[in-house]
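Fold and contact review
Take a look at the letters that make up each chain.
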Amino acid sequence: MERDSQLELYRLVADRLKEAHSRVRALQVPEGVRMALSRKLLAITAAAKHDLSGAAMRLDRLMNDLDEGRFPEEPDRDGTP
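Since we're looking at a predicted model, the values are computed, not measured.

Scoring rules and cut-offs
- Residues numbered from 1 in each chain as written.
- Predicted model: local features only at pLDDT ≥ 70, side-chain atom pairs only at ≥ 80, totals over all residues.
- Heavy atoms only, no water.
- Core = buried A, V, L, I, M, F, W, Y, C linked by side-chain atoms within 4.5 Å.
- Buried < 20%, exposed > 50% of the residue type's maximum accessible area, 1.4 Å probe, protein only.
- Helix = DSSP H or I, 4+ residues; strand = E, 2+ residues; numbered from the N terminus.
- Contact = heavy atoms within 4.5 Å.
- Salt bridge = Lys/Arg side-chain N within 4 Å of Asp/Glu carboxyl O.
- Expected span 1.5 Å × (residues − 1).
- pLDDT = per-residue confidence, 0-100.

With that settled, consider the nonpolar core. Judged by nonpolar contacts, the single largest core of 19 residues is most densely connected at Val13, Leu17, Leu37, Leu41, Ile44, Leu59 and Leu66. Elements that contribute at least two residues to this core include exactly α1 (2-26), α2 (31-48) and α3 (52-67). Considering every element that reaches this core, the biggest residue donor is α3, with 7 residues. Ignoring sequence-local partners within four residues, the contact set of Ile44 consists of Leu17, Ala55, Arg58, Leu59 and Leu62.

This part takes up the pattern of salt bridges. Summed over the entire model, instances satisfying the criterion amount to 6 salt bridges. A salt bridge links Asp60 to Arg16, with the nearest nitrogen and oxygen atoms 2.6 Å apart. Within this pair, whereas Asp60 is found in helix α3, its partner Arg16 is found in helix α1, the two being separated by 44 residues in sequence. In this structure Asp60 comes out as partly exposed when scored by relative accessible area, which is 34%. Note that Asp65 is salt-bridged to Arg70, the shortest N-O span being 2.5 Å. Among the residues examined, Arg70 registers a relative accessible area of 43% and is labelled partly exposed.

Turning our attention to the environment of Leu62. Inspection of the secondary structure assignment puts Leu62 in helix α3. A relative accessible area of 5% means that Leu62 is categorised as buried. Sequence separation between Leu62 and Ile44 is 18 residues; the distance between their C-alpha atoms is 9.6 Å. With residues up to four places along the chain from it excluded, the contact list for Leu62 reads Leu37, Lys40, Leu41 and Ile44.

Along the chain, Arg34 falls in helix α2. Relative accessible area serves as the criterion here: at 18%, Arg34 is assigned to the buried category. Those residues in contact with Arg34 that sit more than four places away from it in its chain are Val24, Arg25, Leu27 and Val29.

Glancing now at α2. The periodicity of an α-helix, 3.6 residues per turn, causes residues three or four positions apart to be oriented the same way. Between its terminal C-alpha atoms α2 stretches 26 Å, which fits the 26 Å expected from 18 residues at 1.5 Å a residue. Those residues of α2 that fall on the buried side of the exposure criterion are Gly32, Val33, Arg34, Ala36, Leu37, Leu41, Ile44, Ala47 and Ala48.

Chain-level pLDDT for the protein is 89 on average; 90% of the residues reach the 70-or-more range. The secondary structure element of the protein with the lowest average pLDDT is α1, at 91, and the one with the highest is α3, at 95.

So this is what it looks like as structure tokens:
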């Protein structure tokens, strides 16, 4: 039974990650902001391999930020935010 719930959580996180990647691609934001969001998504994807529930919570926070229009600042040309 626990294995079934774990598999369902994997499916949910995978579907949400796919949706998040699509939303980030579609955003009308500067390229630096899009890159920062993509890096966050890659970090969440990597975290899901070791801490699925933690990754799910991070993904929820990121999706809420996207819903509310909160984006990371675009870094300066030297790479600093």
